[in-house]
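# Examination of the molecular architecture
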Amino acid sequence: MYQFILFIHSWLRWFLLLLAIIVIIRAFYGWIGNKDFTISDNKSTIYLVALFHIQLLIGLILYFFLSPITTGALHDFGMAMKYPALRYWAVEHIFIMLLSIIIAQIGRIQIKKAHADRAKFRSSAIYFTLALVLIISRIPWTEAERMIRGF
Ligand code: HEM
């Protein structure tokens, strides 16, 4: 079960990153070029925030129930803080990812609230770029197994 859920969480990361990059490029293009905020622009931000939420849900399941790293760390949090690898998964990953999810959600609310197309693109560009930067900062890029989980 753990390996399967971790596999889903791992691969959804790539879909999320790809969609975030597409949404951000379109947002800057629309903002700077004064384009119309189309139905597909709107839908793509909804799908992106949905992916954030799915990652959150899966992440919580891993964090509290399945991951031997984090469930172990939760048993003795003080000890876990002394080991950078444990601290990374027990604190840094969850904290920064939660922050990025909150920022993405605020971005989506701002898009909904804005009336002008330019304001929608601006919110999309600013909030999703911030969220993306945070995600990129807390993905373990150096561990080959985690890059292409399952292969
Ligand atoms: C946008 C949100 C997130 C992204 C892009 C993301 C990405 C990742 C990636 C790439 C991994 C490594 C997967 C692998 O080993 O193949 C991972 C593992 C993990 N993530 Fe996330 N994550 C996100 C949110 C969260 C959240 C909110 C939590 C906690 C509530 C969480 C908890 C975990 C845990 C517990 C692991 C597994 C550590 C292990 O047992 O190896 N993640 N995540």
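The structure reproduced in this document is the subject of the present report. (Residues numbered from 1 in each chain as written. Predicted model: local features only at pLDDT ≥ 70, side-chain atom pairs only at ≥ 80, totals over all residues.)

## Some thoughts on the overall build of the protein
Secondary structure summary: the protein contains seven helices and zero strands in total. Ordered by position from the N terminus, the helices and strands of the protein form the series α-α-α-α-α-α-α. With respect to the principal axes defined by its C-alpha atoms, the protein has extents near 50 × 35 × 25 Å. The buried share among the 151 residues of the protein stands at 24%. Excluding contacts between residues fewer than 6 apart, the proportion of contacts in the protein whose partners are at least 24 apart in sequence is 71%. (Helix = DSSP H or I, 4+ residues; strand = E, 2+ residues; numbered from the N terminus. Buried ≥ 20, exposed ≤ 12 C-beta atoms within 10 Å, placed from the backbone. Contact = placed C-beta atoms within 7 Å.)

## Notes on the environment of Leu132
Summarising the element assignment, Leu132 is placed in helix H6 (residues 117–137). Residue Leu132 is classed as buried on the basis of its 20 C-beta neighbours within 10 Å. Between the C-alpha atom of Leu132 and that of Phe65, which follows or precedes it by 67 residues, the distance is 27 Å. Those residues in contact with Leu132, other than ones at most four positions away along the chain, are Ala20 and Ile24.

## Observations concerning the nonpolar core
Within the largest apolar cluster, 19 residues are counted, with the highest numbers of intra-cluster contacts made by Ala20, Ala27, Leu48, Ala104, Phe128 and Ala131. Broken down by element, this core gets its largest block of residues, seven residues, from H6. Contacts of Ala104, omitting those with residues within four sequence positions, involve Leu48, Val49, Phe52, Tyr127, Phe128 and Ala131. (Core = buried A, V, L, I, M, F, W, Y, C linked by C-beta atoms within 7 Å.)

## Looking at the site of the ligand
Residues in close proximity to the ligand total 26 residues, the closest being Ser10, Gly59, Ser67, Met97 and Arg146. When contributions to the shell around the ligand are tallied by element, the ones reaching two or more residues are helix H1 (2–33), helix H2 (39–66), helix H3 (68–75) and helix H5 (84–113). Of the residues in the shell around the ligand, the class split is 15 nonpolar, eight polar and three charged. (Near = placed C-beta within 6 Å. Nonpolar A, V, L, I, M, F, W, Y, C, P; charged D, E, K, R; others polar.)

## Considerations on the packing of H5 against H6
Contact geometry of H5 with H6 gives a least axis separation of 9 Å together with a crossing angle of 170 degrees. Between H5 and H6, the crossing angle belongs to the class labelled roughly antiparallel. Residues Ile96, Met97, Leu99, Ser100, Ile103, Ala104, Ile106, Gly107, Gln110 and Ile111 of H5 lie in contact with H6, whose contacting residues are Lys120, Ser123, Ser124, Tyr127, Phe128, Leu130, Ala131, Leu134, Ile135 and Ser137. Of the residues that constitute the contact of H5 with H6, the class distribution is 13 nonpolar, six polar and one charged. (Axes fitted to C-alpha atoms, helices over the stretch in contact; angles between N-to-C directions. Parallel < 35°, antiparallel > 145°, perpendicular 65-115°, else oblique.)

## Here we look at unusual backbone geometry
With a phi close to 55 degrees, Asn34 is a non-glycine residue in the positive phi region. The residue Asn34 is located in the loop between H1 and H2 in this model.

## Re H2
Counted at 1.5 Å a residue, the expected span for H2 with its 28 residues is 40 Å, and the 39 Å between its end C-alpha atoms agrees. Along H2, the residues that are buried comprise Thr45, Leu48, Val49, Phe52, Gln55, Gly59 and Leu62. If you follow the buried residues of H2, they end up packed against H1, H3, H5 and H6. (Expected span 1.5 Å × (residues − 1).)

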